[in-house]
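Report on the structure
Each chain, letter by letter, is given below.
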Amino acid sequence: MWQGRLGTIGLILAAAIFALPLYAPTSGANRANQVEVYSWWTGPGEEDGLRAMVADFEAKNPGVRLINAAVSGGAGSNAKAILASRLLANDPPDSYQRHAGLELADDVRSGKVRDITALYEEQGWKKVFPQGLLDKITIDGRLYAVPVNIHRANLIWYNPRTLRALGIAGPPGTWTEFLRQATSIRAAGRVPLTVGPAWTQKHLLETVLLGELGPDSYERLWDGTTGWTSPPVLDALDMFKRVLAQSDIASSAADWQPQLDRVAAGSTVYAVMGDWSYSYLTLTKKLVWQRDFDIAPSPGTRGVYDFLSDSFTLPTGSRHADLARRWLVECGSIAGQDLFNPRKGSVPARTDANASLYDGYLAAALREWRDPRTRIVGSLAHGVTADNAWSAEIDTALGLFLQEGDVGKFARTVAEKYLETR
Ligand code: GAL
């Protein structure tokens, strides 16, 4: 009987939990003054950056409360799925995080986000963001998101002490050199490279393609003009396979932070990851750049900045559109960007932000980002170069590739799916 009762109670509880909204508004009276902001920044460092911006927003908007509806999981792996179901149910947050590029373009085409060109004009923003970035958030001349930062994806992370202990002079300049190093690293009983969940493997794939093909051919992969089944791409994919064979994929890390933990601890020598790792290592793990860890462009990509940009939107159906606009003003402001980015481990999207606030690796990153000689390309794993339909097909094909190791089949599938998803 108790069992039966408990079962019923369990069902009622479950029903109640499912019926709960993802956030709990404070009270009916205050609801009009709440704005729900959705992201995937729940980890230390990134959450600190978000909090700093939220505090500034609330100070500038007395009486307004920001509801932080962040969902954990690197690269939005969980957040994007939950957001998709909310958008489908016409229950959007008041503003949500999207990457500049084709990931955002999908939302524009399906009418999920509103045109905010007027806000750009009112705030004078067209003059303060780099034109190349504006192009990634503009469709048919209209603007649809506010970029808060610039991240770099093509970085390799290592612990200089580990390299010294292994007698390795420096991080590999090419993937061929990485394979050479891997042989001696293995002989010394360590793992050459750490990977995490599927999105980190896709992130690695893009950096190997970039390093092996160079920026011109890499860019043409995304508009179908570099043939996926051409010999150089097949060779690059074969390199990816050999690189993965030197990784801990059989016991991969749970997310990007544990990847960096393995590098910091010295059990694994390298990780390829974006510069959000910098705030994790310095602010959370209290490690010192160039002493406890160091960073280099991923093999074969010196002088190239594989960029991505976190941006915020005004969804169609936002219940507090005016407050959401004010949040976007915060995201696009110099104050907001300079509070957020030093904590987040990214550089400001605005060209007129205060460079003196960025030190250590971030000062170097900002110089390189702003250097006209730097070659800028977009990230696959973080929404810039492929729309969601093709990107999802690449995920599926990559999953199979990792099981079967069939380079030709993977290349053919990616090429076919590009055409099918046009
Ligand atoms: C990226 C995002 C970064 C960071 C990273 C790891 O997609 O743009 O801001 O959150 O994922 O989660």
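Residues numbered from 1 in each chain as written. Predicted model: local features only at pLDDT ≥ 70, side-chain atom pairs only at ≥ 80, totals over all residues. Heavy atoms only, no water.

Remarks on the environment of Ala397
As a reminder of what qualifies: Strands here are runs of E lasting at least two residues and helices are runs of H or I lasting at least four, both read from the DSSP assignment and numbered beginning at the N terminus. The contact criterion used is simple: two residues touch if any of their non-hydrogen atoms lie within 4.5 Å.
Tracing the sequence through the fold places Ala397 in helix 16 (residues 388–404). Along the chain, Ala397 and Arg164 lie 233 residues apart, while their C-alpha atoms are 38 Å from each other. In contact with Ala397, not counting residues within four places along its chain, are Phe410, Thr413 and Val414.

A short note on the pattern of salt bridges
Under the convention used in this document: Salt-bridge detection follows one rule: a side-chain nitrogen of Lys or Arg within 4 Å of a carboxyl oxygen of Asp or Glu. Classification of residues uses two cut-offs on accessible area relative to the type maximum, computed with a 1.4 Å probe and protein chains only: under 20% is buried, over 50% is exposed, and between them is partly exposed.
Within the structure shown, the criterion is met by 26 salt bridges. With its nearest N and O atoms 2.9 Å apart, the salt bridge here joins Glu219 to Arg375. Here Glu219 is found in helix 9 (residues 198–220), whereas its partner Arg375 is found in strand 15 (residues 375–378), with 156 residues between them in sequence. The closest approach of N and O atoms between Asp261 and Lys285, which form a salt bridge, is 3.1 Å. Here Lys285 lies in the loop between helix 12 (276–284) and strand 11 (294–297) and Asp261 lies in helix 11 (residues 256–265), a separation of 24 residues in the sequence. Taking the relative accessible area as the measure of exposure, Lys285 reaches 33% and is therefore partly exposed. Through salt bridges with shared partners, a single network forms among Glu36, Arg86, Asp91 and Arg319.

Some remarks on the site of the ligand
To keep it simple, the criterion reads: Here a residue is near a molecule or strand as soon as one of its heavy atoms is found within 4 Å of it. Side-chain atoms alone can form a polar contact between residues adjacent in sequence; in general such a contact is a pair of N or O atoms within 3.5 Å, and within protein one must be able to donate a hydrogen while the other accepts it. The residue classification treats Ala, Val, Leu, Ile, Met, Phe, Trp, Tyr, Cys and Pro as nonpolar and Asp, Glu, Lys and Arg as charged. All others, Gly included, are polar.
In the vicinity of the ligand, 13 residues are found, and the nearest of them are Ala75, His99, Asp310, Lys344 and His382. In the environment of the ligand, an oxygen atom lies 3.1 Å from a nitrogen or oxygen atom belonging to the side chain of Trp40. Between the ligand and the protein, one listed contact pairs an oxygen atom with a side-chain N or O atom of His382 at 2.7 Å. Residue classes in the shell around the ligand are distributed as 6 nonpolar, 4 polar and 3 charged.

Concerning helix 8 (residues 175–187)
Here is the rule we go by: Expected span, for any helix, means 1.5 Å times one less than how many residues it has.
Taking 1.5 Å per residue, 13 residues should reach 18 Å; helix 8 reaches 19 Å between its end C-alpha atoms and fits that length. Where helix 8 is concerned, the buried positions are Trp175, Phe178, Leu179, Gln181, Ala182 and Ile185. On its buried side, helix 8 packs onto helix 7 (160–166), strand 9 (191–194), helix 9, helix 10 (231–244) and strand 10 (268–272). Of the residues flanking the end of helix 8, it is Gly189, one or two places downstream, whose phi is positive at about 85°.

With respect to unusual backbone geometry
Positive phi outside glycine occurs at Lys286, with the angle close to 55°. Relative to the helices and strands, Lys286 is located in the loop between helix 12 and strand 11. In the Ramachandran plot, Gln290 falls in the positive-phi region, its phi being about 70° despite a non-glycine side chain. Its place among the elements puts Gln290 in the loop between helix 12 and strand 11. Here Gln290 falls in the partly exposed class, since its relative accessible area comes to 49%.

Things to note about the sheet that holds strand 14 (residues 347–348)
Whether parallel or antiparallel, the strands of a sheet pair through hydrogen bonds between backbone atoms. Put simply, the test is: Strands are treated as partners if at least two bridges between them are detected by DSSP.
Taken together, 4 strands build an open sheet; the order of strands is 14-7-12-15 and the sheet is mixed. Among the strands making up the open sheet, the edge pair consists of strand 14 and strand 15. When strand 7 (residues 149–152) meets strand 12 (residues 304–308), the two strands line up antiparallel, connected through 2 bridges. Along strand 12, the bridge assignment pairs Arg152 with Phe307.

Section: the nonpolar core
So the rule is basically this: Put simply, buried Ala, Val, Leu, Ile, Met, Phe, Trp, Tyr and Cys residues joined by side-chain atoms within 4.5 Å make one nonpolar core.
Counting 73 residues, the largest nonpolar core has Tyr120, Phe129, Trp157 and Trp327 as the members making the most contacts within it. Ranked by residue count, the leading element in this core is helix 13 (residues 321–332), at 6 residues. Excluding residues that lie within four positions of it along the chain, Phe129 makes contacts with Tyr120, Leu134, Val146, Pro147, Gly332, Gln337, Ala349, Arg350 and Thr351. Core analysis: the next-biggest nonpolar cluster, separate from the first, contains 46 residues, Tyr158, Leu179, Val269 and Val414 among them.

Some words on helix 11
Just so we agree on the cut-off: Working definition: the arc comes from the directions between the helix axis and the C-beta atoms, pointing outward to the latter.
Buried residues of helix 11: Trp256, Gln257, Gln259, Leu260 and Val263, and no others. Considered in projection along helix 11, the buried side chains sweep an arc of 155° and stay on one side of the axis.

Points about the sheet that holds strand 9
What counts here: Where helices are involved, their axes are fitted lines through C-alpha atoms of the stretch in contact, as for all axes, and angles between N-to-C directions lie from 0 to 180°.
Read from one edge of the open sheet, 4 strands run 9-10-8-11, paired in mixed fashion. Edge strands, defined here as strands with exactly one partner in the open sheet, are strand 9 and strand 11. Averaged over neighbouring strand pairs, the angle between their axes works out to 25° when direction is ignored. Bridge count for strand 9 against strand 10 is 3 bridges, and the pairing is parallel. Bridged to Thr194 within strand 10 is Ala271.

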